[in-house]
Amino acid sequence: MKFNTKAIHGGQHDVDPAYGSVMPPIYQTSTYAQSTPGGHKGFEYSRSGNPTRSALERAFASLENGEYGLAFGSGLAAIDAVIKMLKPGDEVISTNDLYGGTYRLFTKVFEQFGIKFHFIGMEKAEKIEEYVTENTKLIWVETPTNPMMNVIDIKKAAHVAKKHNVLLAVDNTFATPYLQQPLDMGADIVMHSATKYLGGHSDVVMGALVVKDKELAERLYFIQNASGGVCGPQDSFLVLRGLKTLHIRMQRHCENGRKVATYLSNHPKIEKVYWPGLEDHPNHAIAKAQMNDFGGMISFTTKGNNFEEAIKIVERLKIFTLAESLGGVESLAGHPASMTHASIPRLEREKTGVVDSLIRLSVGIEDADDLIADLEQAIG
Ligand SMILES: *Cc1c(COP(=O)(O)O)cnc(C)c1O
């Protein structure tokens, strides 16, 4: 099956043996009747497994060209499960320009359990190798990064991981499997905040992991069940519904992304535009090689780097909603320094480019002309 067909049918065979409903029923149940102790029909308790969630997990696996999918109550719960495979003394090499919540989870929760994180720029993959020690167990890559839109060469990162026998996990939230499939490039684990593009309608919080390896899937399933960060059946249904239009939504996000990025890069008040599809983007060549298109996430700074001016711009926007999050059908704008990345110390965030005037856009699937007109009136 090719991608568009998989978005609709991947893993969705026989979802309702009882009545043949086309969409899987929402099995709103915590438990399942047993005929004799242990005599059940594949499900015994909904933390361990739920048919609606299973249908979604199969869809995730299909879209990422993996074998096993796992759905969690949030993207961070999915990351939490990955890090719980480690033990005190283990080390992780992580992208430095990282989703703020991931950085917080690594530094404020897992560092106190004795896991060591190295946050480094990975645009040159050779740099990863400099940080590998005998205790390194995991390389954590986010690409494109949030919010600077750096692109990391997944194949090169996978090469380093294989050479040193460590796991490579890729946060594929920004790109989605429509734009890149990390498992095919050698990653061991692909992670999503399904809250974003996979759900696509800003109505659910969810996370996902997909792997190819059975033993790795079993370790992660053990943690999913033992720690219990699962999602409910209603949310599973919503994300399954969202997935069915992922390909057409992404196509429009990319088209609109290109128009908005081009508009911004020609605007006299704009200092820099970060969108991997622009030819002057520092990682444009890698982006072109490993992504099918460049997505709808754009960041930009204004000349003078004025904090107050950036706040005024985001307040003046009318079609773009000022809000955290991204990846929904509607356009959103955010001010990372005071919103998504406020939990990262100023010095740390400025080192990665998250300066006071940086504005991040999640370009939705409205008419691009209306989005550009909105930016025009807000920037002035
Ligand atoms: C939102 C996000 C997360 C966290 O996911 P939640 O669903 O909010 O827990 C992780 N990584 C990236 C890149 C994100 O955008």
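Because the structure is predicted, anything quoted here is derived from the model rather than measured. (Residues numbered from 1 in each chain as written. Predicted model: local features only at pLDDT ≥ 70, side-chain atom pairs only at ≥ 80, totals over all residues. Heavy atoms only, no water.)

Q: Tell me what's going on with the side chain of Thr340, and back it up with residues and numbers.
A: If you trace the backbone, Thr340 turns up in the loop between β11 (332–334) and α13 (346–351). By relative accessible area, which is 13% here, Thr340 ends up buried. Among the polar contacts made by the side chain of Thr340, one reaches the side chain of His341 at a distance of 2.9 Å. Ignoring any residue separated from it by four or fewer positions in sequence, one finds Thr340 in contact with Gly100, Glu324, His335 and Arg360. (Helix = DSSP H or I, 4+ residues; strand = E, 2+ residues; numbered from the N terminus. Buried < 20%, exposed > 50% of the residue type's maximum accessible area, 1.4 Å probe, protein only. Polar contact = N/O pair within 3.5 Å; in protein donor to acceptor, adjacent residues only side chain to side chain. Contact = heavy atoms within 4.5 Å.)

Q: Give me the layout of surface pockets: which residues, what numbers.
A: In this structure, the largest pocket occupies an estimated 340 Å³ of space. Looking at the lining of the largest pocket, the elements that each hand over two or more residues are α2 (51–63), β1 (68–72) and α8 (214–227). For the lining of the largest pocket, the element with the most residues is α2, which contributes four residues. Of the residues belonging to the lining of the largest pocket, the class tally is six nonpolar, seven polar and five charged. Approximately 290 Å³ is the volume attributed to the second largest pocket. Together, 21 residues line the second largest pocket, and Leu76, Tyr99, Ser193, Thr195 and Lys196 are the ones closest to its centre. (1 Å grid on protein atoms, 1.4 Å probe; cavity = no way out; pocket = protein on both sides within 12 Å on 5 of 7 lines; lining within 4 Å. Points joined across faces, edges and corners; volume = space filled by probe spheres on them. Nonpolar A, V, L, I, M, F, W, Y, C, P; charged D, E, K, R; others polar.)

Q: Describe the site of the ligand, listing the residues and the values that go with them.
A: The environment of the ligand is made up of 14 residues, and the closest members are Gly75, Asp171, Ser193, Thr195 and Lys196. Contact between the ligand and Gly75: an oxygen atom at 2.9 Å from a main-chain N or O atom of the residue. Between Asp171 and the ligand, the recorded distance is 2.7 Å, taken from a side-chain N or O atom to a nitrogen atom. When atom positions are compared with the pocket grids, the ligand is found to occupy the second largest pocket. In terms of residue class, the shell around the ligand is built from five nonpolar, six polar and three charged. (Near = heavy atom within 4 Å. Sits in = over half its atoms within 2 Å of the grid points.)

Q: I'd like a description of the nonpolar core, backed by residues and values.
A: Core analysis: the biggest nonpolar cluster contains 66 residues, and Phe60, Leu264, Leu361 and Leu375 have the highest contact counts within it. Top contributing element to this core by residue count: helix α10 (residues 246–265), with seven residues. For Leu361, the contacting residues outside a window of four places in its chain are Val260, Leu264, Gly296, Met297, Ile298, Phe300, Phe320, Leu332, Ala333 and Leu375. (Core = buried A, V, L, I, M, F, W, Y, C linked by side-chain atoms within 4.5 Å.)

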